[in-house]
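Inside the fold
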Amino acid sequence: VCGIAFRPSKLLFIESGVVLKNRRLLKLGKGVTLGKNVMINGLSKKGVVLCDGVNLGPYTIIEATGVVTNLGEGVHVGKSSGIGGFSYIGGAGGVTIGENVIMGQYVSFHSENHISDDVAVPIKLQGVTRKGIVIEDDCWIGAKVTFLDGAHVGRGCVVAAGSVVRGTIEKHSIAAGVPA
């Protein structure tokens with residue numbers, strides 16, 4: 001596991017307006033950059049890990065748990081990966097992003113899905129499923145890509161801007177579309 005527990009004296013680059021909640025569950029590597037108004041809430045089973053050299057663009061949100069009564073798995077971002085501004089990572093089902101992954105702006109991760117099988121019961125009361133999301137090393141993710149629960153992107157892939165990823169993309173592939 002990379003990073004150590006959050007310590008303000010570490011070499012970090014933090015712009016104005018950054019909010020860090022449940023800091024005891026944050027692990028930040030050396031040289032992590034948090035852009036303007038980034039918000040990270042580490043509350044989860046495994047916390048939030050940002051390895052050495054990770055860059056979060058401005059206004060990015062990482063929420064490791066959606067509902068306090070049902071703790072999420074957490075988020076892990078590998079070394080030298082960058083996430084563009086205005087992105088959202090929901091880590092309830094677990095999100096793992098490999099090393100050297102680059103992402104455009106407005107990328108979103110939704111690692112939880114609502115159950116809606118019983119039409120006699122409100123969807124809100126039927127619970128959720130959590131498969132998690134994995135992005136392997138050395139991927140390029142375009143702007144406004146949406147990852148749904150269960151998505152798995154293999155090493156060395158390119159995912160085109162505006163795509164919706166809901167399944168498996170084999171390594172060294174180029175994927176585009178809705179669904180990609």
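This is a predicted model, so every value here is computed, not measured.

Moving on: the overall build of the chain. A tally of regular secondary structure across the chain gives 0 helices and 25 strands. The globule rule puts the C-alpha radius of gyration for 180 residues at 16 Å, and the 16 Å found for the chain is close to it. Once the C-alpha set of the chain is aligned to its principal axes, its extents read approximately 55 × 40 × 25 Å. Of the contacts made within the chain by residues no fewer than 6 positions apart, 28% connect residues no fewer than 24 positions apart. Surface exposure of the chain reaches about 9100 Å², of which carbon and sulfur atoms provide 54%. Charged side chains of the chain number 18 positive and 13 negative; the gap between the two group centres comes to 8 Å.

With parallel pairing, the 7 strands of this open sheet are ordered in space as β3-β6-β9-β12-β15-β20-β23. The open sheet has two edge strands with one neighbour each: β3 (19-21) and β23 (164-165). Inspection of the sheet shows strand β15 (residues 108-110) paired to strand β20 (residues 146-148) by 3 bridges, in the parallel sense. Bridge assignment links Ser-108 to a residue of β20, and that residue is Thr-146.

Attention now moves to the side chain of Asp-149. Counting through the fold element by element, Asp-149 comes out in the loop between β20 and β21 (152-153). At 2.9 Å, the side chain of Asp-149 forms a polar contact with the backbone nitrogen of Lys-131. Apart from residues no more than four positions distant in its own chain, Asp-149 is found in contact with His-110, Ser-111, Glu-112, Asn-113, Thr-129, Arg-130, Lys-131, Gly-132, Ile-133 and Arg-166.

Following the criterion strictly, the structure yields 4 salt bridges and no others. Between Arg-130 and Glu-112 there is a salt bridge; the shortest N-O distance is 2.8 Å. Pair noted here: Arg-130 is in the loop between β17 (128-129) and β18 (133-135) and Glu-112 is in the loop between β15 and β16 (113-114), with a separation of 18 residues, a long-range link. Owing to a relative accessible area of 26%, Arg-130 belongs among the partly exposed residues under this scheme. Note on Glu-112: relative accessible area 26%, which makes it partly exposed.

Turning our attention to the side chain of Thr-65. Within the secondary structure, Thr-65 sits in the loop between β9 (61-63) and β10 (75-77). Within the structure, the side chain of Thr-65 is placed 2.5 Å from the backbone oxygen of Leu-43, a separation counted as a polar contact. Among all residues touching Thr-65, those that are not within four sequence positions of it are Leu-43, Ser-44, Asn-70, Leu-71 and Gly-72.

Before going further, it helps to examine a nonpolar patch on the surface. The grouping of Tyr-59, Phe-86 and Tyr-106 at the surface amounts to a nonpolar patch, some 310 Å² of accessible area in total. Position of Phe-86 relative to the elements: it lies in the loop between β11 (82-83) and β12 (88-90). Note on Phe-86: relative accessible area 42%, which makes it partly exposed.

Turning our attention to the packing of aromatic side chains. In the structure shown here, the tally under the stated rule is 3 aromatic pairs. Here the aromatic rings of Tyr-59 and Phe-86 are separated by 5.0 Å at their centres, their planes lie at 10°, and the arrangement is stacked. Placement of the pair is Tyr-59 in the loop between β8 (55-56) and β9 and Phe-86 in the loop between β11 and β12, with a sequence separation of 27 residues. Ring centres of Phe-86 and Tyr-106 lie 5.1 Å apart, and the angle between their planes is 15°; this geometry places the pair in the stacked category. Of the two residues, Phe-86 sits in the loop between β11 and β12 while Tyr-106 sits in the loop between β14 (102-103) and β15, which places them 20 residues apart along the sequence. Take Tyr-106: its relative accessible area is 44%, and that puts it in the partly exposed class. Taken together through their ring pairs, the aromatic side chains of Tyr-59, Phe-86 and Tyr-106 make up a single cluster.

Calculation notes
Residues numbered from 1 in each chain as written. Predicted model: local features only at pLDDT ≥ 70, side-chain atom pairs only at ≥ 80, totals over all residues. Heavy atoms only, no water. Helix = DSSP H or I, 4+ residues; strand = E, 2+ residues; numbered from the N terminus. Rg over C-alpha atoms; globule rule 2.2 N^0.38 Å. Contact = heavy atoms within 4.5 Å. Areas by Shrake-Rupley, 256 points an atom, 1.4 Å probe, with all protein chains shown as cover. Lys, Arg positive; Asp, Glu negative; His and termini not counted. Charge placed at Lys NZ, Arg CZ, Asp CG, Glu CD. Pairing = 2+ DSSP bridges. Polar contact = N/O pair within 3.5 Å; in protein donor to acceptor, adjacent residues only side chain to side chain. Salt bridge = Lys/Arg side-chain N within 4 Å of Asp/Glu carboxyl O. Buried < 20%, exposed > 50% of the residue type's maximum accessible area, 1.4 Å probe, protein only. Patch = residues over 30% accessible without salt bridge, like charges linked within 9 Å, V, L, I, M, F, W, Y side chains within 5 Å. Phe/Tyr/Trp six-rings, centres within 6.5 Å; stacked < 30°, edge-to-face > 60°.

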